[in-house]
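# Remarks on the overall topology
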Amino acid sequence: MDKIDRYADELKRMRDESLYRTMNVIESAQSSNITIDGKDYVLFASNSYLDLCNDDYVKECAQRALNMYGTGSGGSRLTTGTTALHDELERRLALLKKRESAIVFDTGYMTNVGVISSITSEGDIIFSDELNHASIIDGCRLSKAELVIYRHNDMEDLEEKLRLYRGKHGLIVSDGVFSMDGDIVNLPRLVRLADEYGKLSMIDEAHATGVLGSNGLGTEEYYGIEGAADIVMGTLSKAVGSEGGFVCADNTIVSYLRNKARSFIFSTSLSPVTIASAIAGLDCITAERVAALRDNVRYLCDRLNEAGVNVKSDSAIIPVIIGDEQKALDISAELMKQGYYVSAIRYPTVKKNSARLRITLMSSHTKEEIRGLADLIGRYCK
Ligand SMILES: *Cc1c(COP(=O)(O)O)cnc(C)c1O
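The structure displayed is predicted, hence computed values, not measured ones.

### Quick notes on the site of the ligand
- In the neighbourhood of the ligand, 15 residues make up the surrounding shell, with G108, D204, H207, S237 and K238 lying closest.
- The separation between a nitrogen atom of the ligand and a polar side-chain atom of D204 is 2.6 Å.
- Side-chain polar atom of K238 to an oxygen atom of the ligand: 2.7 Å apart, as the coordinates give it.
- Considered on its own, the ligand offers 380 Å² of accessible surface; in the complex 85% of this is hidden by protein.
- The pocket occupied by the ligand, as judged from atoms lying within 2 Å of grid points, is the largest pocket.
- Examining the composition of the shell around the ligand, we find that three residues originate from one element, helix α4 (residues 108-119), more than from any other.
- Along the lines of polarity and charge, the residues of the shell around the ligand split into two nonpolar, 10 polar and three charged.

### Regarding the sheet that holds strand β11 (residues 340-341)
- The three strands lie next to each other as β1-β2-β11, forming an open sheet whose pairing is mixed. Each edge of the open sheet is held by one strand with a lone partner, namely β1 (33-36) and β11.

### A look at the layout of surface pockets
- Estimates place the volume of the largest pocket at around 1,100 Å³.
- Contributing to the lining of the largest pocket are 41 residues, with A45, Y341, S343, A344 and I345 lying nearest its centre.
- Contributing elements (two or more residues each) for the lining of the largest pocket: α4, β8 (231-235), α13 (325-337) and β12 (343-345).
- Ranked by the residues each element gives to the lining of the largest pocket, the list is headed by α13, at four residues.
- Of the residues in the lining of the largest pocket, the class split is 18 nonpolar, 17 polar and six charged.
- Split by domain, the residues of the lining of the largest pocket number at least three in each of domain 1 (8-43 + 286-380) and domain 2 (56-283).
- Contributing to the lining of the second largest pocket are 18 residues, with L131, N132, P348, T349 and V350 lying nearest its centre.
- Partitioned by chemical class, the residues of the lining of the second largest pocket number eight nonpolar, six polar and four charged.
- When we break the lining of the second largest pocket down by domain, the ones giving at least three residues each are domain 1 (8-43 + 286-380) and domain 2 (56-283).

### Re the sheet that holds β12
- The antiparallel open sheet is built from three strands, whose spatial order is β10-β13-β12. Each edge of the sheet is formed by a strand with only one pairing partner; in this case those strands are β10 (317-323) and β12. Neighbour-to-neighbour, the strand axes of this sheet turn through a mean angle of 30 degrees, independent of strand direction.
- With six bridges joining them, β10 and strand β13 (residues 355-360) adopt antiparallel strand pairing. Looking at β13, one finds that V320 is bridged to L357.
- Across the sheet, helix α12 (residues 287-306) touches β10 and β13, and the angle it forms with β10 is around 30 degrees.
- The sheet strands contacting helix α14 (residues 367-381) are β10 and β13, and the helix crosses β13 at an angle near 170 degrees.

Conventions we followed
- Residues numbered from 1 in each chain as written.
- Predicted model: local features only at pLDDT ≥ 70, side-chain atom pairs only at ≥ 80, totals over all residues.
- Heavy atoms only, no water.
- Near = heavy atom within 4 Å.
- Polar contact = N/O pair within 3.5 Å; in protein donor to acceptor, adjacent residues only side chain to side chain.
- Areas by Shrake-Rupley, 256 points an atom, 1.4 Å probe, with all protein chains shown as cover.
- 1 Å grid on protein atoms, 1.4 Å probe; cavity = no way out; pocket = protein on both sides within 12 Å on 5 of 7 lines; lining within 4 Å.
- Sits in = over half its atoms within 2 Å of the grid points.
- Helix = DSSP H or I, 4+ residues; strand = E, 2+ residues; numbered from the N terminus.
- Nonpolar A, V, L, I, M, F, W, Y, C, P; charged D, E, K, R; others polar.
- Pairing = 2+ DSSP bridges.
- Points joined across faces, edges and corners; volume = space filled by probe spheres on them.
- Domains from an automatic or database assignment.
- Axes fitted to C-alpha atoms, helices over the stretch in contact; angles between N-to-C directions.
- Contact = heavy atoms within 4.5 Å.

Set out below in structure tokens:
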């Protein structure tokens, strides 16, 4: 047997099960309206919730940074890769999340992997929600700590498991907004349990920063408990419209991460242009923009419910559960034909037979665009 055959076999199996993946090549900026292969689409699949990737002010700031600092950063953060912009961004993030310090990583993925693997060690326990993002799962896999998975957002189950590991050092980690379901962690309860059982609490704000709370400060603002979690992790790649990941925490944790997190230490830092866009993106997270996003979410949910499709969301992610993988792909293809770009999400991103349309909204979508989408989904999903 040829040594490549096993990979071809696996790919064939994936095609047969409708799990094979391909990429669409986008020929325009990431915004609510995009072009693919010369055809225009309304984009309902992006994580750029505040539509900042193609914002004039953000682009001007990026251009200024480009002219001043050039393109690459030339080294890791601990060698030559820290510019005044990196420093400024970290100060801004600490202020935003009301913490002593912040540290920026190259991606959100690298943040979770670096943080979880460095703050836990052999003999520790990590308590992780069963629907946490893959980057959290991979951070747990890299850690030498024991892993305990609790049922999705089920604080009774978490407490039951905490009781079994009394006295051990550990971490409770959860998405703030769950990336494929759009629901929100029961943070007040999670933080109380963490304090009661002496564990660190960590939330991943990838889909919450710029979305939840009246100023878009995230899950803590949504519940009115700012400063509650021990470690707040987030990304600059979603609502902020740039790239990168970050952690906000007290000085000790952040200094520890600077010295111990391998994905921070052993990778070239982000380009000053990317950092400048992130700072400008933070400037653009205003109560008005966040309210416009929330208004669009409510509008879409109302229209879909009227059309007989049951949905509910407090975040910018609205899942329409289809079940069958091929059916989800077929509906997504039909929407594409009509000029609406909506992703079909399948195993292994979600459980088998829970394939879904994952609709994401932007603050800039018009009511006409949203109504058009809701009408079609109502027709295809009945
Ligand atoms: C997208 C995402 C990440 C990874 O962030 P990137 O900046 O894209 O690497 C981490 N956690 C969650 C919950 C996410 O949705």
